[in-house]
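# A closer look at the structure
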There are 2 protein chains.
Amino acid sequence: MNCPLCHPQNETILYQTEKWRIIATEEDPNILAFCRIIWHEHIAEMTDLSQIDRLELMNALFILESAMREILKPTKINLASLGNVVPHLHWHVIARFKDDAYFPKPIWSSPVRENKVILPQNWQEQIQQYLKNHL
Amino acid sequence: MNCPLCHPQNETILYQTEKWRIIATEEDPNILAFCRIIWHEHIAEMTDLSQIDRLELMNALFILESAMREILKPTKINLASLGNVVPHLHWHVIARFKDDAYFPKPIWSSPVRENKVILPQNWQEQIQQYLKNHL
């Protein structure tokens, strides 16, 4: 199986357990504050998880949202589980800002301006520390 | 406050409680199997909810996902809480199909083909019935 989430390369891991990992991703230079939570096992949908695993994953999602809100002070948090290209369960957790390249449009649309957001240089380390304290 | 989710017009309500409602939306003629769960109170983020309210909302979300999977047999379910334009907490729950207008891209990108999906005429009633049985 040739799944890039089963065989990751060059990930910046912010937190991980036996079942899932939180990574920072820089795949879109227009969107800097972009994290992913990836369920290790190759399943497609939230309703493929047991109820207890689902609760665990959602708990991690909301702690990551809290971390990004506290540390980055975004205009809005965007959460999405899509997986059409790679049907391996993962969540996008994105801090959006009024002056990012797409705001208020979704990051999957076309940019409407140049990105003007500058994040704290050590934001990923701050998120790591928050997750370590709260998970 | 001029929030369209606080003052809805022409919604097709599939299920509702005192705290939230599930609606079908036809705002994109390219994407027919598109539901929303809207939290009644005007708050912005999932982490603005109490833990018990959050669990209730997520439970509704996953029962709606189950309903759409069973009735529509989609290629993939897409879940998203964005709210950049309208910062009033709501979830998009979208059944995606290999031959819909955007697949495998997100529905917020540009169409790549004409939509070829034909849904059962009474799919909304079937979802309504499923929600009534399971919520």
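The following paragraphs examine the structure supplied in this document.

What counts, and where the lines are drawn
Residues numbered from 1 in each chain as written. Chains lettered and ligands numbered in written order. Predicted model: local features only at pLDDT ≥ 70, side-chain atom pairs only at ≥ 80, totals over all residues. Heavy atoms only, no water. Least-squares fit on C-alpha atoms with pLDDT ≥ 70 in both. Contact = heavy atoms within 4.5 Å. 1 Å grid on protein atoms, 1.4 Å probe; cavity = no way out; pocket = protein on both sides within 12 Å on 5 of 7 lines; lining within 4 Å. Points joined across faces, edges and corners; volume = space filled by probe spheres on them. Nonpolar A, V, L, I, M, F, W, Y, C, P; charged D, E, K, R; others polar. Pairing = 2+ DSSP bridges. Helix = DSSP H or I, 4+ residues; strand = E, 2+ residues; numbered from the N terminus. Axes fitted to C-alpha atoms, helices over the stretch in contact; angles between N-to-C directions.

Here chain B sits on chain A after a turn of 180° about the axis and a move of 0.0 Å along it, with an RMSD of 0.0 Å. Such a turn and shift between the copies fits a two-fold axis. Interface overlap between copies is the fraction of interface residues in one copy that are interface residues in the other; for chain B against chain A it reaches 100%, indicating a shared surface.

One pass over the structure, following the stated rule, counts 2 cavities of 30 Å³ or more. Estimated volume of the largest cavity: approximately 60 Å³. Around the largest cavity, the lining residues are B:Asn30, B:Ile31, B:Leu32, B:Ala33, B:Ala95, B:Phe97, B:Asp100, B:Asn115, B:Val117 and B:Leu119. Of the residues that constitute the lining of the largest cavity, the class distribution is 7 nonpolar, 2 polar and 1 charged. The space that makes up the second largest cavity amounts to roughly 40 Å³. As for the second largest cavity, its lining consists of A:Asn30, A:Ile31, A:Leu32, A:Ala33, A:Ala95, A:Phe97, A:Asp100, A:Asn115 and A:Val117. Per-class residue counts for the lining of the second largest cavity are 6 nonpolar, 2 polar and 1 charged.

Take the sheet that holds strand β5 (residues 90-96) of chain B next. Backbone hydrogen bonds are what pair the strands of a sheet, in a parallel or an antiparallel way. Here we have 10 strands laid out as an open sheet, ordered β1(A)-β2(A)-β3(A)-β5(A)-β4(A)-β4(B)-β5(B)-β3(B)-β2(B)-β1(B), and antiparallel in their pairing. Lying at the two open borders of the sheet, with one neighbouring strand each, are β1 (12-16) of chain A together with β1 (12-16) of chain B. On average, adjacent strands in this sheet sit at an angle of 20° to one another, irrespective of strand direction. Examined bridge by bridge, strand β4 (residues 76-81) of chain A and strand β5 (residues 90-96) of chain A share 5 bridges and lie antiparallel to one another. Note on β5(A): the bridge partner recorded for A:Ile77 is A:Ala95. Lying over the sheet, helix α1 (residues 51-72) of chain A contacts β2 (20-24), β3 (34-39), β4 and β5 of chain A, oriented at roughly 15° with respect to β5(A). Along the sheet, helix α1 (residues 51-72) of chain B contacts β2 (20-24), β3 (34-39), β4 (76-81) and β5 of chain B; its crossing angle with β5(B), the most-contacted strand, is approximately 15°.

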